[in-house]
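One-letter residues, chain by chain:
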Amino acid sequence: AAGAVPEVYLVFPAAAHEPPKQLKGFARILLKPGEEREVEITLPASAFRYWDESKAAWAAGGTYEAMLGRSSRDIVWRQTVEIAGP
């Protein structure tokens, strides 16, 4: 069996002024050669928060890009996600 670690990254809305591709979740699984398995990685609401300098408070909301990969350089799936603001 070999180890696999699927990783979930978020790209924040431009207004957040956050660094690109932030690792927000992962799972460790063991797979036999040729084996496939469905894995659920749940991100808490706090994963979508960023510091809003103008309000001096945590904020969330806007268009995010969720990405799944074996690493930040090996992305195999991406999806745009809309998060409602306050």
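Up top you'll find the structure we're talking about.
Parameters at a glance
Residues numbered from 1 in each chain as written. Predicted model: local features only at pLDDT ≥ 70, side-chain atom pairs only at ≥ 80, totals over all residues. Heavy atoms only, no water. Phe/Tyr/Trp six-rings, centres within 6.5 Å; stacked < 30°, edge-to-face > 60°. Helix = DSSP H or I, 4+ residues; strand = E, 2+ residues; numbered from the N terminus. Buried < 20%, exposed > 50% of the residue type's maximum accessible area, 1.4 Å probe, protein only. Pairing = 2+ DSSP bridges. Axes fitted to C-alpha atoms, helices over the stretch in contact; angles between N-to-C directions. Salt bridge = Lys/Arg side-chain N within 4 Å of Asp/Glu carboxyl O.

A.B. asks: Quick question: what am I supposed to make of the packing of aromatic side chains here?
C.D. replies: What characterises a pair of aromatic rings is the spacing of the ring centres plus the angle enclosed by the ring planes. Tallying each qualifying case throughout the model produces four aromatic pairs. Plain terms: the ring middles of F48 and Y64 are 5.3 Å apart, the flat faces sit at 80° to each other, and that makes the pair edge-to-face. Of this pair, F48 sits in the loop between β4 (29–31) and β5 (50–52) while Y64 sits in strand β7 (residues 62–71), and the two are 16 residues apart along the sequence. When its relative accessible area of 1% is taken as the criterion, Y64 is described as buried. Grouped by ring-pair contacts, the aromatic residues F12, F48, Y50 and Y64 constitute a single cluster.

A.B. asks: Please clarify how the pairing of strand β8 (residues 74–83) should be interpreted in this entry.
C.D. replies: One face of the sheet, then the other: side chains in a regular strand alternate in exactly this way. Where β7 meets β8, nine bridges bridge the pair, whose relative direction is antiparallel. By the bridge assignment, A66 is partnered in β8 with Q79. As consecutive antiparallel partners, β7 and β8 are separated by two residues.

A.B. asks: What is the right way to read the sheet that holds strand β2 (residues 7–11) from this model?
C.D. replies: Strand pairing in a sheet is mediated by backbone hydrogen bonds. Such pairs are either parallel or antiparallel. With antiparallel pairing, the four strands of this open sheet are ordered in space as β3-β2-β7-β8. In the strand order of this sheet, the two ends are held by β3 (22–26) and β8, each with one partner. Strand after strand, the sheet turns through a mean of 30° between neighbouring axes, direction not considered.

A.B. asks: I tried to follow the pattern of salt bridges on my own but got confused; where do I start?
C.D. replies: Side-chain pairs of opposite charge can arise where the charged atoms are in close proximity. According to the stated counting rule, one finds three salt bridges in the structure shown. Of the charged contacts in the structure, one is a salt bridge between E35 and R37, with a shortest N-O distance of 3.5 Å. For E35, a relative accessible area of 31% corresponds to the partly exposed category. Salt-bridge contacts for E65 lead to R78; the nearest nitrogen and oxygen are separated by 3.1 Å. Of the two residues, E65 sits in strand β7 while R78 sits in strand β8, which places them 13 residues apart along the sequence. By relative accessible area, which is 23% here, E65 ends up partly exposed. Assessed through its relative accessible area of 46%, R78 is described here as partly exposed.

The values reported here are purely geometric and, on their own, carry no functional implication.
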